[in-house]
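Each chain, letter by letter, is given below.
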Amino acid sequence: MEKYQQLSRRGFIRAGAIGIGTLSLTPALSALALNKPDKKLGIAIVGLGMYAGGQIAPALQHTQNCYLAGLVSGHPTKAAEWAAKYNVPSKNIYNYQNFDTIAQNPDIDIVYVILPVALHKEYTIRAAKAGKHVICEKPMAVTVKDCEEMVAACKKANRLLSIGYRMHFDPYALELKRIYQKQVYGKLKAFEAANGFFYNTDPKAWRLNKALAGGGSLMDMGIYTIQAARFTTGMEPVAVMNVRQEKTNPELFKEVDDKVFWDMEFPNGFVAKCKSSYSDQLSSVHAEFERGNVDVKPAFYYNGNKGTTPDGPMNFPPVIQQTLQMDDFANCVKINKKSQVPGEEGVKDMKVVEAIYRGLASGKRELV
Ligand code: NAD
């Protein structure tokens, strides 16, 4: 982490030495970057739910390039409790109605949207229009069209957009990618990924409401298996096939999918087999190479992931993926560099998700 910080600081010293023109920063971005070269950027969280409270706010206590500066919530009491806990001034607390006035708040550089999926588009676009850079949680939105509108809105507002795929900062996912790219055990022959958890809580929860969630386990958990296959191989699936679903509890899952199974076909004919579920505890990637298998299990946890290779266990010190993710994005904002997890990543995954839903309806192979 210290090395990372030094690097970004050195980048700024160099930027000062070579002059701002060569950095091709836009006027708005250069003002932001120059005003805050060594300062932490302020992040405002929109939606103070489980993920925000359990992972993101705690991860922001360890960031070097950004800090928790603002809160956006529909619950004033909850916002006040958070503000006291995280030392957020009351002037930086917003609700969903006055959110747009965040435009006038120089403390806030980045808005992190951690709401039910159907609200991602509205708050991403409002944040960009308010002049803020945006991190939006996965799945990016309920349709590809919405995702594309979000990318276009951020582009138009000249703001950076990133999707909360923390996997890009998980050492196990990075190691699997390296093993694939370097062909450490030869070429990849087979790839299977599964992600799921037991969802048997409140039937009124937004995850079971199609209008708010867009879909079920496929959108919520399966999207990480799509990311894993795309991230590891660097290839884009061209079609999905053998798509099917099961519902363990049709009453609970009357609006959204429960278990979904699908194969993704890549341009070279390579097929990845994936599974998502709201009725199983699943978290694995199994990759078969010419000279042995690599298994990551659990593969998608916040921490505690484990991996084995033909040479023995993978061994990495623990990291806070979200801390690395937010620090990386804040650094991108500072140096006006596109995020390594840009909005387009969310668009690409949603194209696969939509093809899978078409496959569930048609029972046929569907092009992505
Ligand atoms: P949650 O239900 O715990 O939190 C949602 C928040 O949105 C709550 O604070 C709720 O009050 C607020 N909200 C505002 N308008 C709402 C409405 N109309 N209906 C319901 N809630 C409303 O959900 P969560 O588990 O924190 O998930 C939020 C987002 O974070 C989702 O997009 C989810 O996929 C994503 N997430 C990502 C990861 C990851 O590993 N990247 C993990 C968990 C969740």
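Bear in mind that the values here come from a model prediction, so they are computed numbers and not experimental data.

Caption draft 1: Structural view of the site of the ligand. Looking at the ligand, there are 24 residues lining it, with M50, Y51, K138, R166 and W206 nearest. Measuring from an oxygen atom of the ligand, one finds a backbone N or O atom of G49 at 3.1 Å. Between K78 and the ligand, the recorded distance is 3.3 Å, taken from a side-chain N or O atom to an oxygen atom. Within the complex, the protein chains bury 80% of what would otherwise be the 830 Å² of accessible surface of the ligand. Residue assignment for the shell around the ligand shows that the elements contributing at least two residues are helix 3 (50-59) and helix 9 (217-233). Viewed by domain, the shell around the ligand spans two of them, domain 1 (9-165) and domain 2 (171-316 + 343-367), each represented by three or more residues.

Caption draft 2: Summary view of the pairing of strand 4 (residues 110-113). Residues I110 and Y112 line one face of strand 4 and the alternating positions V111 and V113 line the opposite face, and both faces are buried. Pairing geometry for strand 1 (residues 41-46) and strand 4, over four bridges, is parallel. Paired with I43 across the two strands is I110, which belongs to strand 4. Each parallel crossover has a hand, and the one from strand 4 via helix 5 (residues 120-129) to strand 5 (residues 133-136) is right-handed.

Caption draft 3: Geometry of helix 7 (residues 171-182). End to end, helix 7 covers 16 Å across twelve residues, agreeing with the expected 16 Å (1.5 Å per residue, within 8%). Of all the positions in helix 7, only P171, Y172, A173, E175, L176, K177, I179 and Y180 are classed as buried. On its buried face, helix 7 sits against strand 7 (188-196), helix 9, strand 11 (282-289), strand 12 (292-296) and strand 13 (307-309). Phi turns positive, to about 50°, at Q183, one or two residues after helix 7.

Caption draft 4: Focus on the nonpolar core. F191, W262, M264, V285, F289 and I356 are the most contacted members of the largest nonpolar core, which totals 74 residues. Among the elements that take part in this core, helix 9 stands out by supplying eight residues, more than any other. For this core, the two domains that each supply at least three residues are domain 1 (9-165) and domain 2 (171-316 + 343-367). Every residue in contact with V285, bar those within four places of it in the chain, is listed here: L176, F191, E192, A193, A228, V294, D295, V296, A299 and F300.

Caption draft 5: Quick peek at the pattern of salt bridges. One pass over the full model with this rule turns up 20 salt bridges. Put simply, K121 and D146 hold a salt bridge, and the shortest N to O gap is 3.2 Å. With K121 in helix 5 and D146 in helix 6 (residues 144-156), this pair connects stretches of sequence that are 25 residues apart. Owing to a relative accessible area of 21%, K121 belongs among the partly exposed residues under this scheme. The exposure class assigned to D146 is buried, which follows from its relative accessible area of 16%. The salt bridge involving K254 is made with E251; its shortest N-O contact spans 3.7 Å. Through salt bridges with shared partners, a single ionic network connects K121, K145, D146 and E149.

About the criteria used
- Residues numbered from 1 in each chain as written.
- Predicted model: local features only at pLDDT ≥ 70, side-chain atom pairs only at ≥ 80, totals over all residues.
- Heavy atoms only, no water.
- Near = heavy atom within 4 Å.
- Polar contact = N/O pair within 3.5 Å; in protein donor to acceptor, adjacent residues only side chain to side chain.
- Areas by Shrake-Rupley, 256 points an atom, 1.4 Å probe, with all protein chains shown as cover.
- Helix = DSSP H or I, 4+ residues; strand = E, 2+ residues; numbered from the N terminus.
- Domains from an automatic or database assignment.
- Buried < 20%, exposed > 50% of the residue type's maximum accessible area, 1.4 Å probe, protein only.
- Pairing = 2+ DSSP bridges.
- Right-handed = clockwise from strand over helix to strand, strands pointing away.
- Expected span 1.5 Å × (residues − 1).
- Contact = heavy atoms within 4.5 Å.
- Core = buried A, V, L, I, M, F, W, Y, C linked by side-chain atoms within 4.5 Å.
- Salt bridge = Lys/Arg side-chain N within 4 Å of Asp/Glu carboxyl O.

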